[in-house]
Amino acid sequence: ALLPADFDKRENITYIEPFVGGGAMLFHMLQTHPNIKSAIINDVNSDLITSYRAVKDNPTELVSSLSDIQKEYYSLSTEEARKDMFLSVRDRYNTKELDDIENTTLFFFLNRTCFNGLYRVNKSGKFNVPFGRYVNPTICDPSTIYADSELLQNVEILNGDFEQTFDYIADNTLFYFDPPY
């Protein structure tokens, strides 16, 4: 409702989101406004940006990896076993010695199995959200991953200070600012 009144009549819109986070607005805008011809997203969180790039460029490999970890998690019959797996995955994720698909797989897994889907790191940059006690969370959602991959094909994905997005300003540019703090 807060978009310019003539937004859908404008052509060749460039959409820029300097603090993309979960991307709810990005995906809404790309799905509902076909006049957006290019988009630029950015975030300072490199694990988040790695995940966007993995979804965009390697959805099939990502779905396979997520399916594997979801099957492993679902096969565990006790909460204690699920918590042990969560803690093991969290430790592995925090090594930062992962390729992009494994990093994204563990990032998604932790998001879906941690307390309230939070993302928080300590002063050392280690993910430290506790276990969330979900029995069968959806860790792998292939239809969403493939749909998002398609939407991301015309999106430039940046990782760093939000000010770098100013370099992409063109005619008919819409900035969506949702700063983290």
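Here the structure is shown first, and the text comes after it.
About the criteria used
Residues numbered from 1 in each chain as written. Predicted model: local features only at pLDDT ≥ 70, side-chain atom pairs only at ≥ 80, totals over all residues. Heavy atoms only, no water. Helix = DSSP H or I, 4+ residues; strand = E, 2+ residues; numbered from the N terminus. Expected span 1.5 Å × (residues − 1). Buried < 20%, exposed > 50% of the residue type's maximum accessible area, 1.4 Å probe, protein only. Arc of directions from axis to C-beta. Contact = heavy atoms within 4.5 Å. Polar contact = N/O pair within 3.5 Å; in protein donor to acceptor, adjacent residues only side chain to side chain. 1 Å grid on protein atoms, 1.4 Å probe; cavity = no way out; pocket = protein on both sides within 12 Å on 5 of 7 lines; lining within 4 Å. Points joined across faces, edges and corners; volume = space filled by probe spheres on them. Nonpolar A, V, L, I, M, F, W, Y, C, P; charged D, E, K, R; others polar. Pairing = 2+ DSSP bridges. Axes fitted to C-alpha atoms, helices over the stretch in contact; angles between N-to-C directions. Parallel < 35°, antiparallel > 145°, perpendicular 65-115°, else oblique. Left-handed = near helix turned anticlockwise from the far one by under 90°. Phe/Tyr/Trp six-rings, centres within 6.5 Å; stacked < 30°, edge-to-face > 60°. Lys NZ or Arg CZ within 6 Å of the ring centre and 35° of its normal.

A.B. asks: Give a description of helix H4 (residues 79-93) that names residues and reports values.
C.D. replies: Its 15 residues give H4 an end-to-end C-alpha distance of 21 Å, which sits within 8% of 21 Å, the value for a rise of 1.5 Å per residue. Turning to H4, its buried residues number three or more, namely Arg82, Met85, Phe86, Val89, Arg90 and Tyr93. Along the long axis of H4, the arc covered by the buried residues comes to 135°, so they all point the same way. What points out from H4, more than 90 degrees from its buried face, is the exposed set Glu80 and Asp91. Looking at the packing, one finds that the buried side of H4 touches helix H2 (46-57), helix H3 (59-74) and helix H5 (100-113).

A.B. asks: Requested: an account of the environment of lysine 37, with residues and values cited.
C.D. replies: One can find lysine 37 in strand S2 (residues 36-43). Taking C-alpha positions, lysine 37 is 38 Å from asparagine 122, a pair spaced 85 residues apart along the chain. What lysine 37 contacts, discounting residues up to four positions off in sequence, is Asn12, Ile13 and Asn154. A distance of 3.1 Å separates the side chain of lysine 37 from the backbone oxygen of proline 34, its partner in a polar contact.

A.B. asks: So what's going on with the layout of surface pockets? Which residues, and what values?
C.D. replies: Here the largest pocket defines a volume of roughly 1,000 Å³. Gly21, Gly22, Leu48, Tyr52 and Phe107 are the residues nearest the centre of the largest pocket, which is lined by 40 residues in total. When residues of the lining of the largest pocket are traced back to their parent elements, those giving at least two are helix H1 (24-32), S2, H2, H5 and helix H6 (142-151). In the lining of the largest pocket, the residues fall into 22 nonpolar, 11 polar and seven charged.

A.B. asks: Explain the sheet that holds strand S1 (residues 13-17) residue by residue, including any values.
C.D. replies: Strand order in the open sheet formed by four strands is S3-S2-S1-S4, with parallel pairing between adjacent strands. Each of the sheet's edge strands pairs with one partner strand only, and the pair in question is strand S3 (155-159) and strand S4 (173-175). Each strand of the sheet is rotated relative to its neighbour by a mean of 15°, with strand direction disregarded. Docked against the sheet, H2 engages S2 and S3, running at close to 155° with respect to S3.

A.B. asks: So what's going on with the packing of H3 against H5? Which residues, and what values?
C.D. replies: Between H3 and H5, the shortest axis-to-axis distance is 9 Å and the interhelical angle comes to 45°. Judged on the interaxial angle alone, H5 and H3 are oblique. For the crossing formed where H3 meets H5, the hand is right-handed. Counted together, Glu61, Leu62, Ser65, Leu66, Ile69 and Tyr73 of H3 and Ile101, Thr104, Thr105, Leu106, Phe108, Phe109 and Thr113 of H5 form the full contact between these two elements. Considering only residue class, the contact of H3 with H5 consists of eight nonpolar, four polar and one charged.

A.B. asks: With reference to specific residues and values, describe unusual backbone geometry.
C.D. replies: Of note in this structure, asparagine 116 is not a glycine but carries a positive phi near 55°. Among the secondary structure elements, asparagine 116 is positioned in the loop between H5 and H6. We classify asparagine 116 as exposed; its relative accessible area is 54%. Phi is positive for asparagine 172, which is not a glycine, with a value near 55°. Among the secondary structure elements, asparagine 172 is positioned in the loop between S3 and S4.

A.B. asks: Can you lay out the packing of aromatic side chains for me, pointing to particular residues and giving the numbers?
C.D. replies: Under the definition given, this model contains 12 aromatic pairs. With 6.1 Å between their ring centres and 85° between their planes, tyrosine 93 and phenylalanine 127 make a pair best called edge-to-face. Of this pair, tyrosine 93 sits in helix H4 while phenylalanine 127 sits in the loop between H5 and H6, and the two are 34 residues apart along the sequence. For tyrosine 93, a relative accessible area of 1% translates into the label buried. Its end group placed over the ring of tyrosine 93, lysine 96 keeps NZ or CZ at 3.5 Å from the ring centre.

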